[in-house]
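# Report on the structure
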Amino acid sequence: MPRAGLTVDRLVAAAADLADEVGFDNVTLSALARRFGVKDASLYSHVKNLQDLRTRVALLAGGEMIDAIAEAVAGRAGRQALAGFAGAYREYALRHPGRYAATQLPVDQADRDLVADAPAFRRTTEITYGMLRAYGLEEPDLTDAVRLLRSTFHGYCALEAGGAFGAPRDVRRSWEKAIDALHTALVHWPREEED
């Protein structure tokens, strides 16, 4: 019987908070059970295992992140939308390091159904591809552009969070230049030629 007051949503929210405090890789069922003052076994009424919990944290974090991005790009197109998207992405990654790390979790085969049915996953795809379509991109260029943006944003945020930018140049100015360069690349995208 599930313990009174313990729900999947409460567990996932607590795990997300714990991830921001101690790092996503350090979130365990034991640490989460201690937070609620229960035995580890009590959690199995709500989540299947640690992988299930981590996937749910990733979906929660992904939903929070895309909500912030959606607000930042609303009513904008082109460089303004790109800057809004990038700024919201960076702010979330730096403010919520554990949650952000969860969003980078590879999807396990066992979790594909959980992820595929998640509204946040579909919304992320719609908003990202919608912003890029304003640049006139279609498949397969859309997928290539998404990969470029994701790798640039993730790499920059990971380096910044790790204190790897030691030059005296202001990090925000370098970020803005990166957005300008990405905008230029998207405007002048080398379109895939049809066979």
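Residues numbered from 1 in each chain as written. Predicted model: local features only at pLDDT ≥ 70, side-chain atom pairs only at ≥ 80, totals over all residues. Heavy atoms only, no water.

## Considerations on the pattern of salt bridges
Under the defined criterion, the tally for this structure stands at ten salt bridges. Measuring nitrogen to oxygen at the nearest pair gives 2.6 Å for the salt bridge that ties Asp20 to Arg99. In this pair, Asp20 is assigned in helix α1 (residues 8-22) and Arg99 in helix α5 (residues 97-103), connecting sequence segments 79 residues apart. Glu91 is the partner of Arg95 in a salt bridge, and the nearest nitrogen-oxygen pair spans 3.0 Å. You can see Arg95 and its partner Glu91 sitting in helix α4 (residues 78-95), four residues apart, about one turn around the helix. The partly exposed category is assigned to Glu91, whose relative accessible area is 42%. (Salt bridge = Lys/Arg side-chain N within 4 Å of Asp/Glu carboxyl O. Helix = DSSP H or I, 4+ residues; strand = E, 2+ residues; numbered from the N terminus. Buried < 20%, exposed > 50% of the residue type's maximum accessible area, 1.4 Å probe, protein only.)

## What to know about the packing of α4 against helix α9 (residues 171-187)
α9 packs onto α4 with a crossing angle of 135° between their chain directions and a minimal axis gap of 10 Å. In terms of their interaxial angle, α4 and α9 are classed as oblique. Like other packed secondary-structure pairs, α4 and α9 cross with a definite hand, here right-handed. From α4, Gly78, Arg79, Leu82, Ala83, Ala86, Gly87 and Arg90 reach across to α9, where they touch Val171, Arg172, Trp175, Glu176, Ile179, Asp180, Leu182, His183 and Leu186. Of the residues belonging to the contact of α4 with α9, the class tally is eight nonpolar, three polar and five charged. (Axes fitted to C-alpha atoms, helices over the stretch in contact; angles between N-to-C directions. Parallel < 35°, antiparallel > 145°, perpendicular 65-115°, else oblique. Left-handed = near helix turned anticlockwise from the far one by under 90°. Contact = heavy atoms within 4.5 Å. Nonpolar A, V, L, I, M, F, W, Y, C, P; charged D, E, K, R; others polar.)

## Remarks on the environment of Thr124
Mapped onto the fold, Thr124 is located in helix α7 (residues 119-133). The class of Thr124 is partly exposed, set by a relative accessible area of 30%. With 23 residues separating them along the chain, Thr124 and Arg147 place their C-alpha atoms 14 Å apart. Leave out the neighbours within four places in its chain, and Thr124 touches Gly62 and Ile66.

## A word on the side chain of Arg54
Residue placement: Arg54 occurs in helix α3 (residues 50-73). Buried charged residue Arg54 carries no salt bridge. Nearest counter-charge: Asp25, at 4.5 Å. A distance of 2.9 Å separates a polar atom in the side chain of Arg54 from the backbone oxygen of Val27. Leave out the neighbours within four places in its chain, and Arg54 touches Phe24, Asp25, Val27 and Leu105. (Lys, Arg positive; Asp, Glu negative; His and termini not counted. Polar contact = N/O pair within 3.5 Å; in protein donor to acceptor, adjacent residues only side chain to side chain.)

## Quick notes on the layout of surface pockets
Taken as a whole, the largest pocket holds about 910 Å³ of empty space. In terms of lining residues, the largest pocket is bounded by 31 residues, among which Thr103, Phe121, Thr124, Thr125 and Arg150 are the most central. When residues of the lining of the largest pocket are traced back to their parent elements, those giving at least two are α3, α4, α5, α7 and α8 (141-161). The dominant element in the lining of the largest pocket, judged by the number of residues it contributes, is α3, at nine residues. (1 Å grid on protein atoms, 1.4 Å probe; cavity = no way out; pocket = protein on both sides within 12 Å on 5 of 7 lines; lining within 4 Å. Points joined across faces, edges and corners; volume = space filled by probe spheres on them.)

## Details of α7
With 15 residues, α7 ought to run about 21 Å at 1.5 Å a step, and its terminal C-alpha atoms sit 21 Å apart, in line with that. Buried residues of α7: Ala120, Ile127, Thr128, Tyr129, Met131 and Leu132, and no others. In this structure, the buried side of α7 is in contact with α3, α4, α8 and α9. (Expected span 1.5 Å × (residues − 1).)

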